[in-house]
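If you want the building blocks of each chain, they are given just below.
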Amino acid sequence: MARKSLGNIRRSFAPWADPAAIPQVRFESVTKRFGDITAVSDLTLSLYPGEFHALLGPSGCGKTTLMRMLAGFETPDSGRILLDGQDLAGIPPHLRPTNMMFQSYALFPHMSVFDNIAFGLRQQGLAREAVAARVAEMLTLVKLEGFAGRRPDQLSGGQKQRVALARALARRPKVLLLDEPLGALDKKLREETQYELMDLQAELGLTFLMVTHDQDEAMAMADRISVMERGRIAQVGAPEEIYEMPANRYVAEFVGDINIFEGMVISVEGEIIRIDSAAGLLVLDDPAPGLATGEKASLALRPEKIDILTAEPEGPGNKAAGEIWDIGYLGDFTMVQVKLDGEAGQLVKVALPNRSRKTETPIAWDDRVWLSWDVEAGILLRG
Amino acid sequence: MNRLRAPHLLALVFGIAFLYLPILVLVLYSFNASRLVTVWGGFSTRWYAALLQNQALLDAAWLSLKVALVSASLATILGLLSALALGRFGRFAGRTLFAGMIAAPLVMPEVITGLALLLLFVGLDAERGFWTVTIAHVTLTACFATIVIQARLVMLDRSLEEAAQDLGATPLRVFFAITLPMIAPAILAGWLLAFTLSLDDLVLASFTSGPGSTTLPMRIYSSVRLGVTPEINAASTLLIALVATVVVLASLLIKRDALART
Amino acid sequence: METGTKARFSPGRGWPAPRWLVVALPYAWLLAFFLLPFLIVLRIALSDTARALPPYAPHWTGWAEAWNFLQALDLESFATLVGDSLYLDAYLSSLRIAATATLIALLIAFPLAYAMASAPRRWQPALLILVILPFWTSFLIRVYAWMAILRPEGVLDALLRGLGLIDEPLGLMNTETAVLIGMVYSYLPFMVLPIYTSLERLDRSLLEAAADLGATPLRRFVSIVIPLARPGIYAGCFLVFVPAIGEFVIPDLLGGPETLMIGKVLWTEFFSNRDWPLASAVAILLLLILAVPLLAYQRFARKEAA
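Bear in mind the structure is a predicted one, so any value in this text is a computation, not a measurement.

Caption draft 1: Expanded view of the interface of chain A and chain C. Taken residue by residue, the interface counts 21 residues in chain A and 19 residues in chain C. In this structure, the connection of chain A to chain C is made through 1 salt bridge. At the boundary of chain A and chain C, one finds 7 residue pairs in polar contact (both at pLDDT 80 or more). Of all elements in the fold, only α1 (63-71), β6 (98-101) and α2 (113-123) of chain A reach the threshold of two or more residues within the side of chain A that touches chain C.

Structure (structure tokens):
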């Protein structure tokens, strides 16, 4: 049976799916320890030319260390890092064809914007005119014409971010490294900059490697995301794969909101699986090779995939009864918590999109309601 | 920058050696049995014994100690008040002059401060002795104490004081319950600095003391002008040991205090 | 209870009644024992030399007669200062010696401060105490320690002779070299501390960024470390240069007859020649000279802050 596409995107750029594609960067079994702490543990990952890759994870998961090893600021204890087939071991940072945009931007406070951007070019021994031309080109690229004479402390946060970007791009690196590139910006500016960065990446065709702890940022910008957990990669994939097909409970819970119903498999018929849980008998349609009756399994369900009804729904599909426990109006949607009937009384999050400005059947606290969702909406998590 | 590289280690060893070797030589030769400075005549504490017989030196040390104790205490009080005035009172009439007078003694050559104070005391026809030296020392060291205390006061999180006030404490109560305990290490440091500066001062004391009130540095100075003497080595060693002990103890105390607070 | 006490003291955010004392007490002290004495120095610098005790005229007899002093002013002492090349030489040589000492101190202090700032974090407090500790021990004793080392047949001579490096004594004692050594040694902590502070504050990611942009270690040092340590370097130079100019103890104990320094001249004029007006004039002129580095440093600091 031909499965439907995940999410609502059709991607044409997917070199990782092509066995003949040659990766540009390759981490091979890389391990890095700091004292007793293993920051990166036997990690293997390939980045493809032109890819926008995000390393996503909580602080301390090793994502920054992994990136700093590619830049040359940390040395792997074991394993290799290859760039265009060349082993980077022993090459100091200043000789590597990568450039980094630092989380703090690390703009040299005693130099003007011009000198900051020109710094890397001057190290290459570029002629004065060539330096000036390239700096001007970079300033245009980041829309900061006319700011060349300013000092970093005369710039706003967003402008500093652009200078840092221009400075890192000026040397035309093979790979641009971005350490929490939007972390210091406020929400509104973050979204704007996000799309500008994406456009820039598409325009330049460069490989970007970004470190972030913000899943929205990673989802919106990256071609692929590596979700990291304690020095290892929990899952690599396109954003919609990470979101709709999380490999395990860690990924499911880290990326986006999710409801998890724990239970036991009571029957497997092809791809139709039935699970007995505290919320009742649940049905889902998900391929699960080798799954046996009697195994422990959970059904994971995103809040936006659930409907709230005032009457018991008819027909197949899943349903559960409960009462409204909490309502949070968020503008674009309303997050409702429903307390299911029964001893466990599990709280289920439901995201109701606010498609119209007014509704005829508003909900209120303590209303009796029915939840309903498709058999294809749930994700099977084993164990 | 995580590991210490060879050139760094070399710079550290050379720098620290330069700072400590002269003192070490001095201490070493205070235990030399021989009177000759370059000849090692075996270990002996005879110069320490001789020190106890030197009544003039003991008198001078006692006077210096008294001056240092009194002047450091007065200087710390004035320093605390000045730091509060500069750090917590906003603008007041003559603040610029005040700040200037606090900073000036730090860069003023001691010979000038000493000369000026002496001319004042002569003009007032004051009898020169313990009190004139003490006043001179208070004037100099209060400025150092102010700087030390003010630095801590500036670092202090104002919201702590505001929180206390918000919870109903009067300004005076805020000062004694919040501000004072928080800056106590700096007050101690300021007192110590004032104490050691006073104990150490030769120039101001030479100008402002009178006959019969010779301080320890003055006594040491008049003997060493004539050359190196083992007795002075012994006295210096004792002084160094005293100051080093007090400073190390104080820094440990402050550190423990800081640790207890975190 | 809290509201009760609040009402008892003065209202608002001010201090209770003795608030003004906090300012007035130290203010009065400084006016009486700092500002007033300087006015007297200025006054006496402008009066005649006299052999009476106190050795100046007219005699100070009371505040009410201040006007009389003003009428007796003269510039004789300043004329002596300008006319006699001894004083000019002393000022110039003080500046030269202080500048040389500052430069040497900088050359020794910078590597030391850099090594301290680069050392592992947990060592740094101990290193800091090691550098500060000599500053707390007596200045006079530290200068005296060098007398034992530098004097003829002293520790240094004995050591070098023992190593077979010299046959004759070096004869360093009572020379300008000895004065320079004494100054560098005494004021080194003043140079190390501000430089260390500015290096320690230096954001490591700036060095990483420079490396990332292709700068070699030497380039990073010249383009990033030195410019960003500049406030510390200037502060250190200021803290060494200014006290060195007016220094008395070091040239007196370690210097020889030919090492001329203005602090020593002032001392001699006052204690040996008992020419109080001339000593006062020397002091006033020295203050004017000191104002130059002071204003220069202030300008730099203000520019830095802006």
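Caption draft 2: A look at the interface of chain C and chain B. Taken residue by residue, the interface counts 94 residues in chain C and 88 residues in chain B. In this assembly, chain C packs against chain B so that about 8,200 Å² is buried in total across both faces, 82% of it on carbon and sulfur atoms. The tally of links between chain C and chain B comes to 1 salt bridge. The residue Arg225(B) makes a salt bridge to Asp252(C) at a minimum N-O spacing of 3.4 Å.

Caption draft 3: Quick look at the sheet that holds strand β11 (residues 259-269) of chain A. Residues and elements named next belong to chain A. Strands sit in the order β13-β12-β11-β14-β20 across an open sheet of 5 strands; the sheet is antiparallel. One side of each edge strand has no neighbouring strand; the edge strands of this open sheet are β13 (280-285) and β20 (379-382). With direction set aside, neighbouring strand axes in the sheet form an average angle of 40°. Judged from the 6 bridges that link them, β11 and strand β14 (residues 296-301) form a sheet pairing that is antiparallel. Each residue of the ladder has a partner; that of Asn259, found in β14, is Leu301.

Caption draft 4: View of the environment of Leu177(A). Residue and element names in this part refer to chain A. Residue position: Leu177 is located in strand β7 (residues 175-179). Owing to a relative accessible area of 0%, Leu177 belongs among the buried residues under this scheme. On a C-alpha basis, the gap between Leu177 and Leu95 in space is 15 Å, while along the polypeptide they are 82 residues apart. Leaving out residues up to four positions away in the same chain, Leu177 has contacts with Met67, Leu70, Ala71, Thr98, Asn99, Met100, Met101 and Leu209.

Caption draft 5: Molecular detail of the side chain of Arg68(A). Relative to the elements of secondary structure, Arg68(A) occurs in helix α1. Accessibility expressed as a relative area gives 15% for Arg68(A), which makes it buried. If we skip the residues at most four places from it in the chain, Arg68(A) touches Phe73(A), Glu74(A), Met100(A) and Glu208(C).

Caption draft 6: Molecular detail of a nonpolar patch on the surface. On the surface, a nonpolar cluster with roughly 370 Å² of combined accessible area is contributed by Leu28(B), Trp40(B) and Phe43(B). Within the element layout of this structure, Leu28(B) appears in helix α1 (residues 6-29).

Caption draft 7: Inspection of the pattern of salt bridges at higher detail. All names here are of chain A. Inspection of the entire model under this criterion finds 23 salt bridges over all chains. A salt bridge links Arg26 to Glu28; its shortest N-O distance comes to 3.1 Å. A relative accessible area of 28% means that Arg26 is categorised as partly exposed. A salt bridge links Arg230 to Glu229, with the nearest nitrogen and oxygen atoms 3.6 Å apart. A cluster of three or more residues bridged by salt bridges with shared partners is formed by Arg26, Glu28 and Arg80.

Caption draft 8: The arrangement of helix α14 (residues 276-305) of chain C in detail. Taking 1.5 Å of rise per residue, 30 residues should cover 44 Å, and α14(C) covers 42 Å from first to last C-alpha, within 8% of that figure. Put simply, Asp275(C) is the residue that caps the front of α14(C), since its side-chain oxygen is 3.2 Å from the backbone nitrogen of Leu278(C).

Caption draft 9: Layout of the sheet that holds strand β3 (residues 52-56) of chain A. Residues and elements named next belong to chain A. A sheet is described by the order of its strands in space; here 6 strands give the open sequence β6-β7-β8-β3-β9-β10, paired in mixed fashion. If you trace the sheet from one side to the other, it starts and ends with β6 and β10 (232-237), each paired once. Within the sheet, the average angular offset between the axes of one strand and its neighbour, ignoring direction, is 20°. In terms of strand pairing, β6 meets β7 through 4 bridges, oriented parallel. Its bridge partner being in β7, Asn99 is matched across the sheet by Leu176. With respect to the sheet, helix α4 (residues 157-170) is in contact with β6 and β7, its orientation differing from that of β6 by roughly 175°.

Caption draft 10: Just the packing of aromatic side chains, in detail. Per the stated rule, a full pass over the model turns up 37 aromatic pairs over all chains. Measuring from centroid to centroid gives 6.4 Å for Phe110(C) and Tyr114(C), while their planes differ by 15°, and the two rings are stacked. Taken together, the residues span about one helical turn, with Phe110(C) and Tyr114(C) both in helix α5 (residues 85-118) at a distance of 4 residues. Pair check on accessibility: Phe110(C) and Tyr114(C) agree, each one buried. Between Tyr114(C) and Phe221(C), the ring centres sit 5.4 Å apart and the planes meet at 85°, which makes this aromatic pair edge-to-face. On the criterion of sequence distance, the pair formed by Tyr114(C) in helix α5 and Phe221(C) in helix α11 (residues 217-245) is long-range, its members being 107 residues apart. Classification of Tyr114(C) by relative accessible area gives buried; the value is 18%. Exposure remark for Phe221(C): the relative accessible area of 25% places this residue in the partly exposed category. Site record: aromatic cluster; members linked through ring pairs are Phe207(B), Tyr221(B), Phe248(C), Trp267(C), Phe270(C), Phe271(C) and Trp276(C).

Caption draft 11: Structural detail: the confidence of the model for chain B. On average, residues of chain B carry a pLDDT of 86, and 95% of them reach 70 or more. Across chain B, helix α9 (residues 203-208) of chain B holds the top mean pLDDT of 94, while helix α11 (residues 230-261) of chain B sits lowest at 79.

Caption draft 12: Fine view of the pairing of β11(A). Residue and element names in this part refer to chain A. The pairing of β11 with strand β12 (residues 272-277) spans 6 bridges and is antiparallel. Of the residues in β12, the one forming a bridge with Ser267 is Arg274. In this structure, the hairpin formed by β11 and β12 is closed by a connection of 2 residues, where Gly270 is found at a positive phi of approximately 65°.

Cut-offs used in this document
Just so you know, the residues in each chain are numbered from 1, in the order the chain's sequence is written. To read the labels, note that chains go from A and ligands from 1, taken in the order they are written. Note on the predicted model: pLDDT of at least 70 is required for a residue's local features to be given, and 80 or more for side-chain atom pairs to be given and counted; whole-chain, interface and lining totals, by contrast, use all residues. Calculated side-chain values reflect all of the structure's heavy atoms, with hydrogen atoms and water omitted. Pairs of residues are marked as contacts when any of their non-hydrogen atoms sit within 4.5 Å. For this document, the term salt bridge refers to a Lys or Arg side-chain nitrogen within 4 Å of an Asp or Glu carboxyl oxygen. Contacts described as polar in this section are N or O atom pairs within 3.5 Å, which, within protein, must combine one atom able to donate a hydrogen with one able to accept it, while residues neighboring in sequence count only if both atoms come from side chains. Counting from the N terminus, the helices are DSSP H or I runs at least four residues long and the strands are E runs at least two residues long. Values labelled buried area give the accessible surface lost by two parts on being combined, using a 1.4 Å probe and summing over both. Any two strands with at least two DSSP bridges between them are considered paired. Axis angles are defined between N-to-C directions and span 0 to 180 degrees, where every axis is a line fitted to C-alpha atoms and, for a helix, only to the segment in contact. Residue burial is assigned from relative accessible area. The probe radius is 1.4 Å, only protein chains are included, and a residue is buried under 20% of its type maximum, exposed over 50%, and partly exposed in between. Every patch collects residues that have over 30% relative accessible area and no salt bridge, joining them within 9 Å if they carry like charges and within 5 Å if they are nonpolar side chains (Val, Leu, Ile, Met, Phe, Trp, Tyr). Under the convention used here, a 1.4 Å probe and the Shrake-Rupley method define accessible areas, while residue burial counts only the protein chains that appear. Each residue after the first adds 1.5 Å to the expected span of a helix. Two rings from Phe, Tyr or Trp (for Trp, the six-membered ring) form a pair when their centres are within 6.5 Å of each other. A pair whose planes differ by under 30 degrees is stacked, one over 60 is edge-to-face, and the rest are tilted. Scored from 0 to 100, pLDDT reflects the predictor's confidence in each residue.

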